[in-house]
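If you want the building blocks of each chain, they are given just below.
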Amino acid sequence: FIIYIINIMIFTNIRLQNFRSYNDDSFEIGSGVNVVVGPNGAGKTNLLEALMVIASGKSYRAKDQALVMRSKDWSRLDVYSEDNKNRVVKITNENFVNKVFEIDGKVYKKLPKDYIQPVVLFEPDDLYLLSSEPANRRDFLDNIIEKYNQNYYKIRQDYRRVVAQRNALLKQNSDSSEMFAWNVRMSNLASTVVEARTKLIYEFNQKISDIYSFIADKPTSICLVYKTKTPLTSYASALVGQLEEQLNIDKIRGYTSRGPHRDDIEFFNDEAIFSDVASRGENRTLMLALKIIELQILEAKTGKRPLLLLDDVFSELDGSRRKSLTNYLKDYQTIITTTDADIIMKNFTKSTSTILL
């Protein structure tokens, strides 16, 4: 049998100075579920963003200069964890933006890999995943893979560069012999991307029906399907053949019409396309199930217990779904934002920590 050793990093308090809407504020953070309660505009999402910066080294929604309070030249975050390690993030925004990390007195320009903690984030925009552009669904998979596969970021970057170069050659009407080398290079990179995506989809499909059914409190069959025009068997060679066949059409269009940058992910609910039949509450339940699985996958693959950030997660969930969700959160340090203080009393135990803004 295999014994998994999980590295658990628990933050105990955070101080925010000149960070977004915070002038100088401090908050204690519990080791389990933390509920941040406050009206719209009180800074709930900014607090989640600060924790994201501390844990992962960067914001999920803005460049560094946007993290500094307006009219201020610097921003600072101080966090302590249960192991008594102190993390500091300093951002200066005078003549140019500079961000440094300080851990127990040592200064780093980038957050060291050993100190990067996986973060799973749910934000309201995630609810548009199924109805938005295919690129957002591709990014959903790719961004998860990057969190546990250190080489995947470079593979994605290399693939984008090769596609951009091929598109430039198409517009120049380059001959087929010059295109062939780029077709081969692109197909090899594409094969790596698609293999990683389909493996991740397989892992989602192993869990998604059970977790969705538990949260929804009714048996439901959910399935993710990878949609591509290229046969998955012998993908690289099949894509080379398609790129050769499509060459004249691609020259007319001026872009590459085959490859993982054109693929999509489709979600099915009991054999129907999920977005065609699901209510808003069911859509939110699906996204929460996906986030829970992401949490479990990252923990298994990185050996680190992720931090879970849930922004306005309880809207449009009925009481039974809220209570079912909390069963999955008890083993993770979780920060949930809400405008409704009554939700705390109805769905959480006395051990829950409350942060009032």
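All values reported here derive from a predicted model rather than from experimental measurement. (Residues numbered from 1 in each chain as written. Predicted model: local features only at pLDDT ≥ 70, side-chain atom pairs only at ≥ 80, totals over all residues. Heavy atoms only, no water.)

Explanation requested: the sheet that holds strand S5 (residues 86-93) in the structure shown.
Strand pairing in a sheet is mediated by backbone hydrogen bonds. Such pairs are either parallel or antiparallel. Strand order in the open sheet formed by six strands is S2-S1-S4-S5-S6-S7, and the pairing between neighbours is antiparallel. The strands lining the two open edges of the sheet, one partner per strand, are strand S2 (22-28) and strand S7 (106-108). Averaged over all pairs of adjacent strands, the angle between strand axes in this sheet comes to 15°, irrespective of strand direction. Sheet analysis places S5 next to strand S6 (residues 97-103), joined by seven bridges and oriented antiparallel. Its bridge partner lying in S6, Ile-91 is registered against Lys-99. (Pairing = 2+ DSSP bridges. Helix = DSSP H or I, 4+ residues; strand = E, 2+ residues; numbered from the N terminus. Axes fitted to C-alpha atoms, helices over the stretch in contact; angles between N-to-C directions.)

Where do I start with helix H5 (residues 235-245) in this structure?
Working note: α-helix, 3.6 residues per turn, so residues spaced by three or four point in the same direction. Within H5 the residues assigned to the buried category are Tyr-235, Ala-236, Leu-239, Val-240, Gln-242 and Leu-243. Projection of H5 onto a plane perpendicular to its axis shows the buried side chains occupying an angular sector of 165°, all on one side. For H5, the exposed residues lying more than 90 degrees away from the buried face are Ser-237 and Glu-245. (Buried < 20%, exposed > 50% of the residue type's maximum accessible area, 1.4 Å probe, protein only. Arc of directions from axis to C-beta.)

Help me understand the environment of Phe-204, please; the structure alone is not making it clear to me.
Tracing the sequence through the fold places Phe-204 in helix H4 (residues 176-216). Expressed as a C-alpha distance, the spacing of Phe-204 and Leu-224, which sit 20 residues apart in the sequence, is 7.6 Å. Phe-204 has contacts with Phe-140, Leu-141, Ile-144, Leu-224, Leu-290, Ile-293, Glu-294 and Ile-297, leaving out every residue within four places of it along the chain. (Contact = heavy atoms within 4.5 Å.)

Whenever I open this one, the nonpolar core confuses me. Can you help?
Across soluble globular proteins, you tend to see nonpolar side chains buried next to one another. Ranked by internal contacts, the top residues of the largest apolar core, which has 58 residues, are Phe-204, Ile-208, Leu-224, Phe-267, Leu-286, Leu-290 and Val-313. With 14 residues, H4 is the single largest residue contributor to this core. Apart from residues lying up to four places away in sequence, Leu-286 is in contact with Leu-130, Ile-208, Tyr-212, Ile-222, Phe-267 and Phe-274. In terms of nonpolar packing, the next biggest core, distinct from the first, is built from 32 residues, Phe-27, Leu-51, Leu-307 and Ile-335 among them. (Core = buried A, V, L, I, M, F, W, Y, C linked by side-chain atoms within 4.5 Å.)

Would you mind showing me how to read the environment of Asn-205 here?
Inspection of the secondary structure assignment puts Asn-205 in helix H4. C-alpha of Asn-205 to C-alpha of Leu-224: the two residues are 19 residues apart in sequence and 6.4 Å apart in space. Contacts of Asn-205, omitting those with residues within four sequence positions, involve Ile-222, Cys-223 and Leu-224.

What should I look at first to understand the packing of aromatic side chains in this one?
Throughout the structure, instances matching the rule amount to three aromatic pairs. Centroid distance Phe-140 to Phe-204: 5.9 Å. Interplanar angle 35°. Geometry classified as tilted. Taken together, the residues span a long stretch of sequence, with Phe-140 in helix H2 (residues 134-148) and Phe-204 in helix H4 at a distance of 64 residues. The same class applies to Phe-140 and to Phe-204, which are both buried. (Phe/Tyr/Trp six-rings, centres within 6.5 Å; stacked < 30°, edge-to-face > 60°.)

Quick question: what am I supposed to make of the sheet that holds strand S9 (residues 222-227) here?
Strand order in the open sheet made by the three strands is S9-S10-S11, with antiparallel pairing throughout. Since the sheet does not close on itself, it has two edges, and those belong to S9 and strand S11 (272-273), each with one partner. Across six bridges, the pairing between S9 and strand S10 (residues 264-269) is antiparallel. Counted as the bridge partner of Tyr-226 is Ile-265 from S10.

It is not clear to me how the packing of H2 against helix H8 (residues 280-302) should be interpreted in this structure. Could you clarify?
To characterise two packed helices, one gives the angle between the axes of the helices and the distance between these axes. Running from N to C, H2 and H8 point in directions that differ by 25°, and their axes come no closer than 9 Å. Taken together, the axis directions place H2 and H8 in an arrangement best described as roughly parallel. Here the hand of the crossing between H2 and H8 comes out right-handed. Residues Phe-140, Ile-144, Lys-147 and Tyr-148 of H2 form the contact with H8, whose participating residues are Leu-290, Glu-294, Ile-297, Leu-298, Lys-301 and Thr-302. (Parallel < 35°, antiparallel > 145°, perpendicular 65-115°, else oblique. Left-handed = near helix turned anticlockwise from the far one by under 90°.)

Would you explain the packing of H8 against helix H9 (residues 319-329) in this entry?
Look at H8 against H9: their axes get within 11 Å of each other, and the N-to-C directions meet at 5°. If you check the angle between H8 and H9, you find them roughly parallel. Along the contact surface, H8 presents Gly-281, Glu-282, Thr-285, Leu-288, Ile-292 and Gln-296, while H9 presents Arg-321, Leu-325 and Tyr-328. Here the residues of the contact of H8 with H9 sort into four nonpolar, three polar and two charged. (Nonpolar A, V, L, I, M, F, W, Y, C, P; charged D, E, K, R; others polar.)

Can you walk me through the pairing of S6 in this structure?
Consecutive side chains along a regular strand alternate between the two faces of the sheet. In this antiparallel pair of consecutive strands, S5 and S6, the connection spans three residues. With three bridges connecting them, S6 and S7 associate as antiparallel partners. Bridge assignment links Glu-102 to a residue of S7, and that residue is Val-107. Here S6 hands over to S7 after two residues, with Asp-104 in that stretch at a positive phi of 50°.

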